[in-house]
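Structural description and commentary
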Amino acid sequence: MVAWSSVRKFTAIALGTGAGLGAYLYHRLGSDERKVHALWTISDTTVNPYALWDSNWDYRSPRYLVKPIVNTSTQEENRYNDDIERVTPRSVRHIILVRHAEYLHAGDTDDTHNLTMRGCVQAKYTGRRLRELGVRWDKIIISTMTRAQETADIILKEIDFDPERLVNCSYIREGAPIPPQPPVGHWRPPKAFFRDGARIEAAFRRYFHRALPTEKEDTYTLIVGHGNVIRYFVCRALQFPPEAWLRININHASITWLTIHPSGNVTIECLGDSGFMPPEYLTNRVPVLSKGLL
């Protein structure tokens, strides 16, 4: 009897503990916004604010652009539906980002940071690859820094474009967008983050958004810029933690392709693609002077 009594007590405790744990998990994870998608990951927005997609990330979601329904009359519902229809995008925006080609970090000013011979060849390969896409470029945006300008000059000789659609932009100059996580011990420029972060974020808001409702066909924007800026743009566009930008590596003159759908969803077609170049032209760091140029 003593043994049986102990078993019953143990069973009661176990059942009570299990019920309590179940109630806790149901309370914490039972809502639509807190579901366990797999045993090894929990999309708990109280812990991870990036777990859910923000459909109004560019502040252009149609239902946020029109006056809400004020009553249940048919006339009011028709007015609301017409307004939604008027501001709803129809087309897809393609943003193709190209990192500048290899350059030589010679001197303390941007004017001396010219492309190496290898960098010139890299840019030519990239231009040919962009030409093979066979798209009509609606806008070409180029950083005002020397290495980006020289890369763009070579690329533009390989593709068809309207010179009136070309923009030189200082907002996308290279910089330090946000302190990275994990921190980098040998690179901690707090002044640079403070100076560059707002500028680079402003560039993202200027160029990354869904299509205008008046645009009937898909558009293609080419941006020739810099590694840090492109990596930050990728994190922001995909709603990854922006502090993760330094975990991404992209080669010189590589192509990154982001697509913004009418719904506001963003997909990445390729990240740092440089497979169209021979292996000997694949680089991602500034060459050392003592090693010479190629």
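Below: a short report on this structure. (Residues numbered from 1 in each chain as written. Predicted model: local features only at pLDDT ≥ 70, side-chain atom pairs only at ≥ 80, totals over all residues. Heavy atoms only, no water.)

Considering the sheet that holds strand 5 (residues 166-169)
Heads up, the rule is: Any two strands with at least two DSSP bridges between them are considered paired. Strands are runs of DSSP state E lasting at least two residues, helices are runs of H or I lasting at least four, and both sets are numbered from the N terminus onward. Comment: axis = line fitted to C-alpha atoms, over the contacting stretch for helices; angle = value between 0 and 180 degrees taken between N-to-C directions. Only heavy atoms enter the contact rule, under which two residues are in contact if any of them lie within 4.5 Å.
Pairing is mixed in the open sheet, where six strands are placed in the order 5-4-6-3-7-8. The open sheet has two free edges, formed respectively by strand 5 and strand 8 (266-273), since each of these has just one partner strand. Pairs of neighbouring strands in the sheet enclose a mean axial angle of 15 degrees, with direction left out of account. Relative to strand 5, strand 4 (residues 139-143) runs parallel, the two being bridged by four bridges. The residue of strand 5 that forms the bridge with Ile141 is Val167. Contacts from helix 4 (residues 146-156) reach strand 3 (93-99), strand 4, strand 5 and strand 6 (219-225) within the one sheet, and its direction differs from that of strand 4 by about 145 degrees. Of the strands in this sheet, strand 3, strand 6, strand 7 (255-260) and strand 8 touch helix 6 (residues 227-237), which is tilted by about 150 degrees from strand 3.

Quick word on the pairing of strand 8
As paired elements, strand 7 and strand 8 share five bridges and run antiparallel to each other. Directly across from Trp257, in strand 8, lies its bridge partner Cys270. With antiparallel pairing between neighbouring strands as the criterion, strand 7 and strand 8 make up a hairpin whose turn holds five residues, including Gly264 at a positive phi of roughly 100 degrees.

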